[in-house]
Structures are given as structure tokens and as C-alpha cells.
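Each chain is listed here by its residues.
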Amino acid sequence: MSRVHAKRSVMATAICMLLGGCAVGPDFITPAPPSVDRYTAAPLPAAGGKQGAPFVAAEDIPTRWWSAFRSVPLDRVIRAAVTNNPSLQAADAALKLARYNALAQRGLYFPQVAASYGPSAQLTSNYEPSDVPQQRYTLHTAQLTIAYTLDIWGANARAVESLDAITEQQHFQLEAAHLSLTANIVTAAIGEASLRGQIAATQRIIAIERDILQILKSQFEAGQAAQVDVLSQQAALAQVEQTLPPLEKQLAVQRDLVTALAGEPSAAGIPQRFELAQLTLPRNIPVLLPSTLVRHRPDVRAAEANLHSVSAQVGVAVAARLPNIAIGGSSAGASAYKFAQLFAPGTGFYVLAANATQPIFDGMTLLNKQHAAEAALEQADAQYRQAVIAALQNVADALQSLAIDARLVSSAIKAETVARTSLDIVRQQLKLGQVNQVAVLNAQQTYFNAAVARVQAEATRLSDAAGLFMATGGSWPQNCRADDWRLCVLEH
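Residues numbered from 1 in each chain as written. Predicted model: local features only at pLDDT ≥ 70, side-chain atom pairs only at ≥ 80, totals over all residues. Heavy atoms only, no water.

Chemist: Would you mind showing me how to read the overall build of the protein here?
Modeler: Scanning the protein from terminus to terminus reveals 11 helices and 7 strands. Relative to the globule expectation of 23 Å for 492 residues, the C-alpha radius of gyration of the protein, 37 Å, shows a markedly less compact shape. Counting only residues that meet the buried cut, the protein has 39% of its 492 residues in that class. Once local pairs closer than 6 in sequence are excluded, the contacts in the protein between residues at least 24 apart make up 84%. By element, 58% of the accessible surface of the protein is carried by carbon and sulfur atoms, the whole surface being about 26800 Å². In the protein, 38 positive and 38 negative side-chain charges are present, and the distance between their average locations comes to 4 Å. (Helix = DSSP H or I, 4+ residues; strand = E, 2+ residues; numbered from the N terminus. Rg over C-alpha atoms; globule rule 2.2 N^0.38 Å. Buried < 20%, exposed > 50% of the residue type's maximum accessible area, 1.4 Å probe, protein only. Contact = heavy atoms within 4.5 Å. Areas by Shrake-Rupley, 256 points an atom, 1.4 Å probe, with all protein chains shown as cover. Lys, Arg positive; Asp, Glu negative; His and termini not counted. Charge placed at Lys NZ, Arg CZ, Asp CG, Glu CD.)

Here it is, written out as C-alpha cells:
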């Protein structure tokens with residue numbers, strides 16, 4: 001090494017010491033947003049039309065995005081869930097834990113001062129016979145101990161940076177927990193409404209088939225229908241009735257799910273009931289640009305915060321291999337035989353101590369720890385990029401699903417209308433004896449399938465709309481000044 005380089009190295013070290021530390025290791029740089037400007041390979045048509053909902057380019061998502069479904073019962077359940085759900089409370093506590101850990105690490109920026117007071121009493125032994133009596137005396141010692149480690153290479157600064165990033169990560173995980181909870185409630189409510197719709201459709205077809213059975217029985221008694229026609233209709237009715245208990249079972253389970261998400265035990269239940277007629281497809285479904293999405297999705301932001309935290313840990317590992325200066329064991333105090341004499345002249349003492357350490361040989365332990373920290377950084381970077389790819393995929397899936405859902409619902413409504421009209425005609429023809437039992441059975445089964453398919457198609461479209469809101473990351477109130485974030489979330 002040349003003299004110039006040696007002088008520069010010494011000057012750099014001196015400046016670091018004077019300024020209280022130079023943070024070694026990589027400085028974190030926010031990853032660049034994705035370069036794509038759309039989510040799918042081919043442009044998607046707006047899910048518009050009479051049965052559709054248009055996609056709208058947006059810069060943000062409403063905080064209370066579920067209000068787009070215009071359901072008062074849904075809003076009430078979500079309000080109760082945000083207040084009572086233990087998962088959110090656990091995420092909230094995790095954020096506090098991370099924040100206090102970061103504050104605790106900041107304490108190492110300052111000298112660590114401790115005060116102690118130690119009284120003692122001693123009686124000397126007089127085991128050997130002598131004229132000297134046993135001596136009894138007391139000693140009082142009071143002192144302050146000071147310890148301080150110079151953060152020359154920024155090891156503590158990097159540790160604080162890492163813990164601050166973990167705090168940020170926990171904040172985004174709280175956002176993700178809130179988004180997941182609200183989306184799950186919306187989806188569960190839609191699932192309940194779908195089951196109620198399927199039960200209602202099944203009950204309608206059961207009533208129709210019972211009416212047809214009565215017609216056939218009357219015709220059989222009048223000699224106008226064969227017994228096999230009556231038996232066929234009874235079998236068809238039994239088959240439809242057999243589908244009802246499983247739906248009722250699923251509804252009971254779904255109710256338990258909604259109750260649990262609301263933060264209540266199953267026995268307590270909730271008063272709100274959900275029907276498809278109470279849930280409206282949002283008029284405008286906001287879609288963020290990919291570059292905006294990565295700043296909006298809490299899971300992507302959490303992955304970025306994790307990347308930041310791991311990056312700072314590399315600096316901690318590097319600093320551990322460099323010289324370290326600490327002021328330790330320094331103390332000042334007083335010692336006297338009587339407490340009242342502690343502050344008298346001549347009782348004071350002090351100890352000044354400092355040490356400088358430089359690892360020389362540790363079996364490559366510190367070097368390998370640095371390599372491990374660098375490998376963890378590579379892992380965190382890959383995890384962040386995977387989170388971005390998954391976020392883009394989620395939005396693409398939701399957009400394509402909604403684009404197809406519009407056509408699916410339109411076709412399902414048309415199929416149900418035609419099947420119902422066909423069944424009504426067949427029923428009239430049956431009363432007049434102008435149709436055979438095979439046509440009746442076919443018309444019944446067709447209408448049953450079409451009615452259930454229409455309910456499922458409408459529920460699927462509503463669920464996919466909720467999925468798009470979740471895929472875009474929902475929203476979190478900015479600049480919330482309330483002591484409890486729930487006030488901002490529910491009132492924003």
C-alpha cells in the first residue's frame with residue numbers, strides 16, 4: 001500500500017471516529033418498478049355491457065373498497081371483524097413488538113450508565129488465642145459505571161436500519177392481514193349468498209316437480225297416464241330433494257366461517273344474512289398500473305422491507321470484522337466505613353478503561369457469517385422479484401376472469417330463461433296429455449341445472465370482483481393521525 005493510500009485510510013478512520021461512525025456495507029436502493037405497462041399479453045376488453053362492469057384506470061383504491069358492493073350487512077360484519085378479529089390483533093401486537101425492538105437498539109447510540117450501592121459488614125476471625133479482640137466494621141461503596149462502544153463502522157446504525165425495516169415489514173404485514181380478512185369476509189358472504197340462491201332454486205324446482213307429480217297421479221287415476229310415468233316422476237323428485245341437504249350443510253358451515261371471521265364464536269352467531277340480491281356488482285372496478293401496483297400491494301412492500309433489513313445485516317457482518325473501540329469498566333464513586341462519610345474528602349475513586357479489538361484469527365467464522373449475510377441478501381432479492389411476479393399474475397388472473405364472467409352470466413341468464421319457458425310449456429302440454437314423460441323429465445332437469453348454474457355464475461363474478469380488489473392490494477389510509485388505525489380504516 002502506498003503512503004498516500006495509507007494516509008487516506010487513516011484519515012477515513014479518524015473521520016469515522018469523529019463523526020460517530022461510517023456505515024459499512026451496501027446502501028439500500030428501492031427496486032425499480034416493473035417495466036411492463038399492462039398485465040396480460042393481449043389487451044382485455046372491458047367487462048362492460050348490460051351484464052358487465054367496466055375496468056377503470058386508477059391511481060388508488062378506496063380504503064373501504066368493500067362498500068362498492070353496496071351491502072349494509074357486509075359493511076357491518078367487516079366493521080365488527082376489524083374490531084374483534086384476533087388475527088388482526090396479533091398482527092397489531094407484532095408491529096408494536098418490532099417498533100419497541102428498534103427503539104431498544106437505538107439505546108446503544110448512548111453511553112450505558114448504571115448506578116450501584118453496596119453496603120457490607122464484616123467481623124474478623126479470632127481463632128488463634130490472642131489479646132486482639134475481634135474486629136467488626138462496615139463498608140459502604142457507591143459508584144457509577146459507564147460503558148460505551150464507539151460505532152466506528154456503523155454496526156449499530158446498520159442494526160437500527162435493519163430493525164426499522166423489520167418494523168416497516170410488520171406494518172405491511174398488518175396491512176396484508178387486514179386486506180386478507182376483509183377479502184375473505186366478502187368472499188365468504190358471497191359464498192353464503194350463493195348457497196342460499198342454490199337452495200332457493202332447488203326448492204323452486206322441487207315445488208314444480210311436486211306439482212307435476214300431482215298432475216301425473218290425477219291422470220293415472222283417470223287412466224290417462226301409466227304407472228311408470230308416476231314412478232319416474234317420483235324418482236326425479238327424490239333425486240332433486242337429495243341435493244338439498246348437502247347445500248344446507250354447506251350453508252351451516254359457511255355461516256360458521258363468516259361468524260369466525262367476524263371474531264365471534266360459532267355459538268354466538270351473527271344477525272346478518274346474505275342474499276345475492278343484496279350484493280351489487282361494482283359499477284367501476286379500479287385497475288392500477290403495474291408500476292403503481294408494486295407500491296400498493298402490502299405483500300410486495302413487505303418483501304421490499306425484508307430485502308432492506310437483510311441488506312443492512314450485511315453491513316453488520318462486515319463491521320464485525322473491523323477494529324472496534326469500546327469504553328468499558330469505567331467507573332467513579334466513593335467508599336467509606338460509614339454512609340454519612342461517602343461524600344467526605346478522600347473517599348472518592350475512579351477507574352478509566354478502554355480497549356480496542358481487532359479479530360485476527362477466528363477460523364473464518366466472521367468471514368463466513370458475512371458470506372451468509374450476502375447469500376441471505378440474494379435470497380431476499382429473489383423473493384422480492386417473485387412477489388412482484390405473483391402480484392402481476394394475481395391481477396392478470398382477476399382481469400381475465402372478470403372479462404369472461406360477464407359473458408358467462410349473460411349466457412347463464414339466457415339459458416335459465418329459456419329452460420323455464422320450455423318447462424312451463426311442457427307443464428301445460430302435460431295437463432293436456434300432449435307430451436310424454438321423457439320430455440317432462442328432460443325439461444325439469446334442464447331447468448334445474450340452468451337455475452343453479454345462473455346462481456353460481458353470478459356468485460363467481462362477484463367473487464372475482466372481490467378478488468380483483470384484493471389483487472390490487474386494497475388500500476390503507478395515508479397520514480392517519482388517530483391513536484388507533486382502525487378509526488381511519490373504518491371511517492376513511
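Chemist: Would you explain the nonpolar core in this entry?
Modeler: One recurring pattern in soluble globular proteins: nonpolar side chains tend to sit buried together. With 62 residues, the main nonpolar core has Tyr 39, Trp 65, Phe 69, Leu 74, Ile 185, Val 186 and Leu 468 as its most contacted residues. Apart from the residues within four sequence positions on either side, Leu 74 is in contact with Trp 66, Phe 69, Ile 185, Val 186, Ala 189, Phe 274 and Leu 279. Within the second largest apolar cluster, 28 residues are counted, among which are Ala 201, Val 230, Val 240 and Leu 247. (Core = buried A, V, L, I, M, F, W, Y, C linked by side-chain atoms within 4.5 Å.)

Chemist: What is the right way to read helix H6 (residues 244-261) from this model?
Modeler: In an α-helix, one turn spans 3.6 residues, which is why side chains three or four residues apart end up on the same side. Under the 1.5 Å per step criterion, the end-to-end length of H6 is 26 Å for 18 residues, consistent within 8% with the ideal 26 Å. Here H6 has its buried residues at Leu 244, Leu 247, Leu 251, Gln 254, Arg 255, Val 258, Thr 259 and Leu 261. Down the axis, H6 shows its buried residues gathered within 160 degrees of arc, on one side only. Phi turns positive, to about 85 degrees, at Gly 263, one or two residues after H6. (Expected span 1.5 Å × (residues − 1). Arc of directions from axis to C-beta.)

Chemist: In this structure, what is going on with unusual backbone geometry? I would like to understand it.
Modeler: We note that Arg 70 has phi near 50 degrees; this positive angle belongs to a residue other than glycine. With respect to the helices, strands and loops of the structure, Arg 70 is situated in the loop between strand E1 (55-58) and helix H2 (72-84). Phi is positive for Met 364, close to 65 degrees, though the residue is something other than glycine. Looking at the secondary structure, you find Met 364 in the loop between strand E7 (355-357) and helix H9 (365-431).

Chemist: Would you take a moment to explain the packing of H2 against helix H3 (residues 86-106) for this structure?
Modeler: For any two helices packed against each other, the geometry is given by the interaxial angle and the distance between the axes. Running from N to C, H2 and H3 cross one another at 45 degrees; their axes reach a closest spacing of 6 Å. If you check the angle between H2 and H3, you find them oblique. Contacts between H2 and H3 involve Ala 81, Val 82, Thr 83 and Asn 84 from the former and Pro 86, Leu 88 and Gln 89 from the latter. Taken together, the residues that form the contact of H2 with H3 break down as 4 nonpolar, 3 polar and no charged. (Axes fitted to C-alpha atoms, helices over the stretch in contact; angles between N-to-C directions. Parallel < 35°, antiparallel > 145°, perpendicular 65-115°, else oblique. Nonpolar A, V, L, I, M, F, W, Y, C, P; charged D, E, K, R; others polar.)

Chemist: Got a minute to help me understand the packing of aromatic side chains in this structure?
Modeler: Note on aromatic pairs: each is described by the distance of the centres and the angle between the planes. Going through the model one piece at a time under the given rule, you end up with 4 aromatic pairs. Taking 6.0 Å as the distance between ring centres and 75 degrees as the angle between the ring planes, the aromatic pair formed by Trp 65 and Trp 66 counts as edge-to-face. Among the residues examined, Trp 65 registers a relative accessible area of 2% and is labelled buried. With centroids separated by 5.1 Å and ring planes inclined at 35 degrees, the aromatic side chains of Trp 476 and Trp 485 adopt a geometry described as tilted. Through successive ring pairs, a cluster of aromatic residues spans Trp 65, Trp 66, Phe 69 and Phe 469. (Phe/Tyr/Trp six-rings, centres within 6.5 Å; stacked < 30°, edge-to-face > 60°.)

Chemist: What is the right way to look at the pattern of salt bridges in this model?
Modeler: Pairs may arise between side chains of opposite charge once their charged atoms sit close together. Taken as a whole, this structure holds 22 salt bridges when the rule is applied. The shortest N-O distance in the salt bridge between Arg 196 and Glu 192 comes to 3.0 Å. Highlighted residues: Arg 196 and Glu 192, both in helix H4 (residues 155-221), separated by 4 residues, approximately one helical turn. We classify Arg 196 as buried; its relative accessible area is 12%. Note that Arg 454 and Glu 458 form a salt bridge whose closest N and O atoms lie 3.2 Å from each other. (Salt bridge = Lys/Arg side-chain N within 4 Å of Asp/Glu carboxyl O.)

Chemist: Hey, could you run me through the side chain of Thr 259 in this one?
Modeler: With respect to the secondary-structure elements, Thr 259 resides in helix H6. Looking at Thr 259, its side chain comes within polar contact range of the main-chain oxygen of Arg 255, at 2.8 Å. Those residues in contact with Thr 259 that lie beyond four places of it in its chain are Glu 264, Pro 265, Ser 266, Gly 269 and Ile 270. (Polar contact = N/O pair within 3.5 Å; in protein donor to acceptor, adjacent residues only side chain to side chain.)

Chemist: Any chance you could explain the side chain of Ser 162 here in plain terms?
Modeler: Here Ser 162 is to be found in helix H4. Classification of Ser 162 as buried rests on a relative accessible area of 2%.

Chemist: For this particular structure, what's the right way to read the environment of Ala 94?
Modeler: One can find Ala 94 in helix H3. Between the C-alpha atom of Ala 94 and that of Leu 44, which follows or precedes it by 50 residues, the distance is 41 Å.

Chemist: Looking at this model, I keep getting lost on a nonpolar patch on the surface. Mind explaining?
Modeler: Side chains of Val 113, Leu 144 and Ile 146 sit close together on the surface and give an oily, nonpolar patch of about 250 Å² of accessible area. Counting through the fold element by element, Ile 146 comes out in strand E3 (residues 136-149). For Ile 146, a relative accessible area of 37% translates into the label partly exposed. (Patch = residues over 30% accessible without salt bridge, like charges linked within 9 Å, V, L, I, M, F, W, Y side chains within 5 Å.)

Chemist: How should I be thinking about the environment of Pro 477 in this particular structure?
Modeler: Topologically, Pro 477 is positioned in the loop between helix H10 (437-471) and helix H11 (485-491). Each C-alpha atom of the pair Pro 477 and Gln 386 lies 26 Å from the other, and the pair is 91 residues apart in sequence.

Chemist: Would you explain the environment of Asn 84 in this entry?
Modeler: Considering the arrangement of structural elements, one finds Asn 84 in helix H2. A relative accessible area of 30% means that Asn 84 is categorised as partly exposed. C-alpha separation for the pair Asn 84 and Ala 260, spaced 176 residues apart in sequence, amounts to 10.0 Å. Here Asn 84 is in contact with Gln 89, Ala 262, Gly 263 and Glu 264, once residues within four sequence places are set aside.

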